[in-house]
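# Topology and contacts: notes
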There are 2 protein chains.
Amino acid sequence: MNSYTEENYLKALYTLGNERGEVNVNDLSRKLEIKMPTVTSMMKKLAAKKLVYYESYKPLKLTEKGKREAALIIRKHRLTEMFLVENMGFGWEEVHPIAEQVEHIQSAAFFDKMDQLLGYPKVDPHGSPIPDRNGKVIWKEYQKLSSCKVGETVRLAAVINTSEDFLRFLNSREIHLGLKVKIKAIEQFDGTMKVSYAKRTDETISHVVSERLLVEKA
Amino acid sequence: MNSYTEENYLKALYTLGNERGEVNVNDLSRKLEIKMPTVTSMMKKLAAKKLVYYESYKPLKLTEKGKREAALIIRKHRLTEMFLVENMGFGWEEVHPIAEQVEHIQSAAFFDKMDQLLGYPKVDPHGSPIPDRNGKVIWKEYQKLSSCKVGETVRLAAVINTSEDFLRFLNSREIHLGLKVKIKAIEQFDGTMKVSYAKRTDETISHVVSERLLVEKA
DNA sequence: TTATTTTGTTAGACACGTCTAACTTTATAC
DNA sequence: GTATAAAGTTAGACGTGTCTAACAAAATAA
Ligand SMILES: [Mn+2]
Ligand SMILES: [Mn+2]
Ligand SMILES: [Mn+2]
Ligand SMILES: [Mn+2]
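Quantities reported herein were computed from a predicted structural model and do not represent experimental measurements.

### Some points on the overall build of chain A
- Within chain A, the regular secondary structure consists of eight helices and eight strands.
- By its C-alpha atoms, chain A is 55 × 40 × 25 Å across when sized along the principal axes.
- Residues counted as buried form 46% of the 218 residues belonging to chain A.
- Looking at chain A alone, contacts between residues at least 24 apart form 60% of all its contacts between residues at least 6 apart.

### Here's the deal with the sheet that holds strand E5 (residues 180-186) of chain B
All names here are of chain B.
- Spatial ordering of the open sheet is given by E3-E8-E4-E5-E6-E7, a layout of six strands whose pairing is antiparallel. Because the sheet does not close on itself, it has two edges, and the strands there are strand E3 (143-144) and strand E7 (200-205).
- One ladder, built from two bridges, connects E3 with strand E8 (residues 213-217); its direction is antiparallel. Note on E8: the bridge partner recorded for Gln143 is Val215.
- In the packing of helix H7 (residues 164-172) onto the sheet, the strands contacted are strand E4 (153-159), E7 and E8, and the crossing angle to E4 comes to about 145°.

### Some thoughts on the relation of the copies chain B and chain A
- After a rotation of 180° and a shift along the axis of 0.0 Å, chain B superposes on chain A with an RMSD of 0.1 Å. Read as a symmetry element, the transformation amounts to a two-fold axis. Proximity to the rotation axis, assessed at the C-alpha, singles out B:Val102 in chain B; its C-alpha lies 3.7 Å from the axis.
- Mapped onto chain A, 100% of the interface residues of chain B again fall at the interface, so both copies present the same surface.

### A look at the pairing of E5(B)
Residue and element names in this part refer to chain B.
- Here E4 runs beside E5; their pairing, made up of three bridges, is antiparallel. Paired with Val154 across the strands is Val181, a residue of E5.
- As paired elements, E5 and strand E6 (residues 193-197) share five bridges and run antiparallel to each other. Along E6, the bridge assignment pairs Val181 with Tyr197.

### Here we look at the protein's contact with DNA strand D
- What surrounds DNA strand D is a group of 21 residues, the closest being A:Ser3, A:Lys45, B:Thr40, B:Lys44 and B:Tyr54.
- The contact in question runs from a phosphate oxygen of DNA strand D to an N or O atom on the side chain of A:Thr38, over 2.9 Å.
- A distance of 2.6 Å separates a phosphate oxygen of DNA strand D from a polar atom in the side chain of B:Thr40.
- At the level of elements, helix H1 (4-20) and helix H3 (36-48) of chain A together with helix H2 (25-32) and helix H3 (36-48) of chain B are the ones that each hand at least two residues to the surface near DNA strand D.
- Element by element, the count of residues in the surface near DNA strand D is highest for H3(A), at five residues.
- Per-class residue counts for the surface near DNA strand D are ten nonpolar, eight polar and three charged.

### Some words on the protein's contact with DNA strand C
- Lining the immediate surroundings of DNA strand C are 21 residues, of which A:Asn26, A:Lys44, A:Tyr54, B:Ser3 and B:Lys45 lie closest.
- Of what DNA strand C places within 4 Å of the protein, 76% of the atoms are sugar or phosphate.
- At a separation of 2.6 Å, a phosphate oxygen of DNA strand C approaches a polar backbone atom of A:Asn26.
- One of the side-chain nitrogen or oxygen atoms of B:Tyr9 is found 3.1 Å away from a phosphate oxygen of DNA strand C.
- Of all elements in the fold, only helix H2 (25-32) and H3 of chain A together with helix H1 (4-20) and H3 of chain B reach the threshold of two or more residues within the surface near DNA strand C.
- Its residues assigned to classes, the surface near DNA strand C comprises ten nonpolar, eight polar and three charged.

### A closer look at the interface of chain B and chain A
- At the interface, 18 residues of chain B touch 18 residues of chain A.
- A buried area of about 1500 Å², summed over both sides, lies between chain B and chain A, and 74% of it is on carbon and sulfur atoms.
- Ranking the residues of chain B by area buried against chain A places B:Met88, B:Gln101 and B:Phe110 at the top, with a combined share of 36%.
- Applying the counting criterion to the chain B and chain A interface returns zero salt bridges.
- Linking chain B with chain A are three residue pairs in polar contact (both at pLDDT 80 or more), by the criterion used here.
- Counting residues per element, the side of chain B that touches chain A draws most heavily on helix H6 (residues 108-117) of chain B, which supplies five residues.
- Each residue belonging to the side of chain B that touches chain A can be placed in one class, and the counts come to eleven nonpolar, six polar and one charged.

### Observations concerning unusual backbone geometry
Residue and element names in this part refer to chain B.
- For Tyr120, which is not glycine, the phi torsion reads 55° and is therefore positive.
- Its location among the elements puts Tyr120 in the loop between H6 and E3.
- Look at Tyr120 and you get partly exposed, because its relative accessible area is 47%.
- Although it is not a glycine, Glu174 adopts a positive phi angle of roughly 55°.
- Residue position: Glu174 is located in the loop between H7 and E5.

### Here's the deal with the coordination of the manganese ion (ligand 1)
All names here are of chain A.
- Those donors, His77 (NE2), Glu81 (OE) and His96 (ND1), are the protein atoms that reach the manganese ion (ligand 1), and they lie 2.1 to 2.2 Å from it.
- For the manganese ion (ligand 1), the single-chain donor residues occur in sequence as H-x3-E-x14-H. In this pair, His77 is assigned in helix H4 (residues 64-86) and His96 in helix H5 (residues 95-102), connecting sequence segments 19 residues apart.
- We classify His77 as buried; its relative accessible area is 6%.

### Description of the sheet that holds strand E6 (residues 193-197) of chain A
Residue and element names in this part refer to chain A.
- The strand order across the open sheet formed by six strands is E3-E8-E4-E5-E6-E7, and the pairing between neighbours is antiparallel. Each end of this open sheet is capped by a strand with a single partner; those strands are strand E3 (143-144) and strand E7 (200-205).
- Where helix H7 (residues 164-172) meets the sheet, its contacts fall on strand E4 (153-159), E7 and strand E8 (213-217), and the angle it forms with E4 comes to roughly 145°.

### Regarding the domain arrangement of chain A
Residues and elements named next belong to chain A.
- What the domain assignment reports for chain A is domain 1 (4-62), domain 2 (70-139) and domain 3 (143-217).
- Averaged C-alpha coordinates put domain 1 and domain 2 at centres separated by 23 Å.
- Contact residues are listed per partner, giving nine residues for domain 1 and twelve residues for domain 2.
- Interface area for domain 1 against domain 2, summed over the two sides, is near 890 Å², with a carbon-plus-sulfur share of 60%.
- It is Glu7, Lys11 and Tyr14 in domain 1 that bury the most area against domain 2; as a group they hold 63% of the surface buried on that side.
- Taken together, the connections running from domain 1 to domain 2 amount to two salt bridges.
- We note a salt bridge from Glu103 to Lys11, for which the minimum N-O separation is 3.1 Å.

The rules behind each value
- Residues numbered from 1 in each chain as written.
- Chains lettered and ligands numbered in written order.
- Predicted model: local features only at pLDDT ≥ 70, side-chain atom pairs only at ≥ 80, totals over all residues.
- Heavy atoms only, no water.
- Helix = DSSP H or I, 4+ residues; strand = E, 2+ residues; numbered from the N terminus.
- Buried < 20%, exposed > 50% of the residue type's maximum accessible area, 1.4 Å probe, protein only.
- Contact = heavy atoms within 4.5 Å.
- Pairing = 2+ DSSP bridges.
- Axes fitted to C-alpha atoms, helices over the stretch in contact; angles between N-to-C directions.
- Least-squares fit on C-alpha atoms with pLDDT ≥ 70 in both.
- Near = heavy atom within 4 Å.
- Polar contact = N/O pair within 3.5 Å; in protein donor to acceptor, adjacent residues only side chain to side chain.
- Nonpolar A, V, L, I, M, F, W, Y, C, P; charged D, E, K, R; others polar.
- Buried area = accessible area lost by both parts, 1.4 Å probe.
- Salt bridge = Lys/Arg side-chain N within 4 Å of Asp/Glu carboxyl O.
- Donors = N, O, S within 2.8 Å, 3.2 Å for Na, K, Ca; no water.
- Domains from an automatic or database assignment.

Structure below.
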């Protein structure tokens with residue numbers, strides 16, 4: 001069994017790996033807010049457990065075993081977030097710090113029960129896919145709202161940034177997953193979009209925001 | 001903030017204190033399955049944090065602060081057990097090991113939400129009282145089923161032993177909290193009771209079992 | 001291509017929570 | 001009331017996860 005600490009390293013390696021392809025000691029160090037020498041020594045430990053390929057001065061890479069174990073922790077994280085939102089009434093902006101702790105609970109029954117009560121959800125409250133029991137993840141191909149054209153109507157499928165501030169901002173505009181958004185106009189200069197959705201027929205979405213929203217064709 | 005480990009020591013001190021009055025290093029050592037020298041050094045640490053009164057060779061005692069913090073962990077434990085049973089469909093025999101982990105989650109909102117969803121329960125699934133937000137516990141005075149007389153009808157209010165085996169045994173006899181039990185006869189020799197409850201009109205309860213069931217007059 | 005900056009490693013330290021071995025104090029038995 | 005047993009403490013060690021200081025390698029800039 002991996003320790004609480006090891007689990008957090010595995011998860012960070014996994015998510016950084018998906019975001020940036022290559023993961024360096026420095027990236028991990030910054031993400032976990034842990035100094036580089038500490039990261040190096042943990043990488044050697046995880047390498048000894050066959051969870052990470054480690055060679056001095058080379059980028060870090062999870063082994064297949066490491067990827068699987070990381071994905072299973074992420075599964076627990078995302079199931080928890082979904083449970084907190086759907087079955088406990090939390091807002092999507094509140095759940096991450098709680099899930100960060102709950103993900104380390106050792107009890108298959110606990111998470112199986114969440115999964116069952118939720119009806120075997122495929123995505124978490126932010127639209128990220130929930131890995132299956134074997135650690136397999138099915139990534140749906142979404143596109144950024146910012147890449148859409150005038151006249152298109154799209155459905156909001158996921159958020160890229162899940163910071164509390166950003167999610168609170170979306171709440172204040174009544175923007176949530178599943179929302180149908182029609183693009184009315186795009187300002188060439190700065191990419192600002194004029195859109196309509198729900199009862200809001202004359203809203204503005206800045207490029208900073210549309211870059212962080214993933215959509216699919218409605 | 002207290003560590004995960006410190007929390008488990010506090011909780012053990014609290015429950016042993018209620019069961020036996022005085023707590024010795026040896027008791028704690030056996031309860032936590034941690035060797036005595038380790039316990040001694042932790043007691044010094046908790047004493048430095050004003051959570052325990054510690055003097056060499058004297059019985060251990062929680063300070064008021066220590067009692068309060070212990071009770072708040074127990075609150076989280078029991079709310080969790082109740083939530084697992086009432087809102088997630090677990091059996092009362094399954095929840096303890098999960099609650100043992102969940103009780104260490106640091107999130108007031110998480111437990112407040114459980115409390116609210118449960119309708120501010122006063123007791124856990126085993127009939128033990130849930131301490132309030134200030135760590136105050138209201139103990140109801142129940143009596144052992146074994147101390148009841150022939151002809152009495154009592155309501156099952158709590159179980160003393162919460163081992164999985166005992167709870168499974170009760171499940172197999174369809175014995176659960178709230179059950180009304182009528183005492184039809186008591187064998188003087190070994191204390192075996194003849195009782196009726198629900199649709200079971202001719203059941204036998206051994207003294208070993210009736211000693212572990214707490215009831216109130218119906 | 002050499003100098004500088006950034007990234008990464010090594011060495012050594014430390015807090016935490018655990019252990020065993022050895023010793024001391026207190027309790028129990030005779 | 002001494003002898004023995006049980007309980008408790010002290011000393012010293014160890015694994016985990018963290019740090020800082022010093023050094024080395026790789027990347028970038030001049
Ligand atoms: Mn999250
Ligand atoms: Mn975590
Ligand atoms: Mn319990
Ligand atoms: Mn616990």
